[in-house]
Amino acid sequence: MIELRFHGRGGQGAVTSAELLALSAIAQGQYAQAFPSFGPERRGAPVVAFARISPDQIRNRTAVQKPNVVIVLDPSILRIVNTSDGLAADGVQIVNSSLPAAELRSAYKLGGKKLVVVNANQIAAQEIGRVITNTTMLGALMRATALVDKDALVSEIKERFGRIAERNIRAFNRAYDECVIVE
């Protein structure tokens, strides 16, 4: 089983990212779940979402404590949350930032074997017209992990976003191509 934790702020799409990933896995015959962890927060407040993907039925319904993958949709989260908490030693951390990977790892003590950096804010602003980084970060996630088939995820994006899907798919593809992976 692969467990993922998404860190973002309300309105950025962390919950939607987890859902799209889970729906893509289910469409490919895997078992998956996605769920948020937040209270009565408002737009802009820190939010955490979780996802699990497995070839076998998933019975665990608790929050992900020891993720294999951590996705950080908003770089400001790094200043207030230890996103490496519980991350597997061989895990992957995917961060939205304009900073170089070495600087990020040093400044925020980022754990995991693999660090993936993408300037999702810039890509989203240019392609979507708004700094909503969910589909952008999914592009970097697919490049780093290939947890589900890329086309299956694009199909879910088309279904979810309708008339604005093409802009989201462009952002997804750019992040896939432009992310920097450091091991």
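Counting restarts for each chain: residues are numbered from 1 in the order of the written sequence. For this predicted model, a pLDDT threshold of at least 70 governs which residues receive local features, and a threshold of 80 or more governs which side-chain atom pairs are given and counted, while totals over whole chains, interfaces and linings are taken from all residues. In computing side-chain values, all of the structure's heavy atoms are included and hydrogens and water are not.

Brief notes about the side chain of lysine 114
(1) Moving on: For helices the rule is a DSSP run of H or I covering at least 4 residues; for strands it is a run of E covering at least 2, with both sets numbered from the N terminus onward. Tracing the sequence through the fold places lysine 114 in strand 6 (residues 114-118).
(2) Moving on: This buried residue, lysine 114, is left without a salt bridge; glutamate 183 holds the nearest opposite charge, at 4.2 Å.
(3) Moving on: Distance and chemistry together define a polar contact, namely a pair of N or O atoms within 3.5 Å, with one atom able to donate a hydrogen and the other to accept it when in protein, and with adjacent residues in sequence counting only for side-chain atoms on both sides. Separated by 3.2 Å, the side chain of lysine 114 and the backbone oxygen of alanine 144 make a polar contact. Burial status follows relative accessibility: with a 1.4 Å probe on protein chains alone, a residue under 20% of its type maximum counts as buried, one over 50% as exposed, and anything between as partly exposed. We treat Lys and Arg as the positive residues and Asp and Glu as the negative residues; His and chain ends play no part in the count. Any Lys or Arg side-chain nitrogen located within 4 Å of an Asp or Glu carboxyl oxygen qualifies as a salt bridge.

Looking at helix 5 (residues 150-161)
Quick reminder: α-helices carry 3.6 residues per turn. Residues three or four places apart thus point the same way.
(1) Moving on: An expected span of 1.5 Å times one less than the residue number is assigned to each helix. Here helix 5 contains 12 residues, and its C-alpha end-to-end distance of 16 Å stays within 8% of the 16 Å for a straight helix at 1.5 Å per residue.
(2) Moving on: Along helix 5, the positions that sit buried rather than exposed are Ala152, Leu153, Val154, Glu156, Ile157 and Phe161.
(3) Moving on: A side-chain oxygen of the first residue of helix 5 lies 3.1 Å from the backbone nitrogen of aspartate 151; this N-cap is aspartate 149.
(4) Moving on: Of the residues flanking the end of helix 5, it is glycine 162, one or two places downstream, whose phi is positive at about 50 degrees.

Some details on the packing of aromatic side chains
Aromatic ring pairs are described here by two measures, namely the spacing of the ring centres and the angle between the planes.
(1) Moving on: In summary, the pairing rule links any two rings of Phe, Tyr or Trp, Trp by its six-membered ring, whose centres are within 6.5 Å, and it sorts them by plane angle into stacked for under 30 degrees, edge-to-face for over 60 and tilted for everything else. This model, assessed by the stated rule, comprises one aromatic pair.
(2) Moving on: In this structure, lysine 150 packs its charged tip against the face of tyrosine 176, placed 3.9 Å from the ring centre. Either the NZ atom of lysine or the CZ atom of arginine qualifies as a charge over a ring when it sits within 6 Å of the ring centre and within 35 degrees of the ring normal.

Thoughts on helix 3 (residues 120-127)
(1) Moving on: Burial in helix 3 covers these residues: Ala120, Ile123, Ala124 and Glu127. The buried residues of helix 3 all sit within an arc of 95 degrees when viewed along its axis, so they share a single face.
(2) Moving on: Considering only its buried residues, helix 3 is in contact with strand 5 (92-96), strand 6, helix 4 (134-145) and helix 6 (165-178). Regarding the arc, it is the one traced by the directions from the helix axis to the C-beta atoms. Contacts between residues were defined by any pair of non-hydrogen atoms, one from each residue, lying within 4.5 Å.

With respect to the side chain of threonine 136
(1) Moving on: When you line up the elements, threonine 136 lands in helix 4.
(2) Moving on: The contact partners of threonine 136, leaving out residues within four places of it in the chain, are Ala120, Ile123, Ala124, Ile128, Ala171, Phe172 and Ala175.

What to know about the pattern of salt bridges
(1) Moving on: Per the counting criterion, the structure on display carries six salt bridges.
(2) Moving on: For glutamate 127, the salt bridge goes to arginine 170, with nearest N and O atoms at 2.9 Å. Linking glutamate 127 in helix 3 with arginine 170 in helix 6, this pair joins segments that are 43 residues apart in sequence.
(3) Moving on: Glutamate 127 gets classed as buried once you look at its relative accessible area, which sits at 16%.
(4) Moving on: The exposure class assigned to arginine 170 is partly exposed, which follows from its relative accessible area of 41%.
(5) Moving on: Between arginine 174 and glutamate 127 there is a salt bridge, with its nearest N and O atoms 3.1 Å apart.

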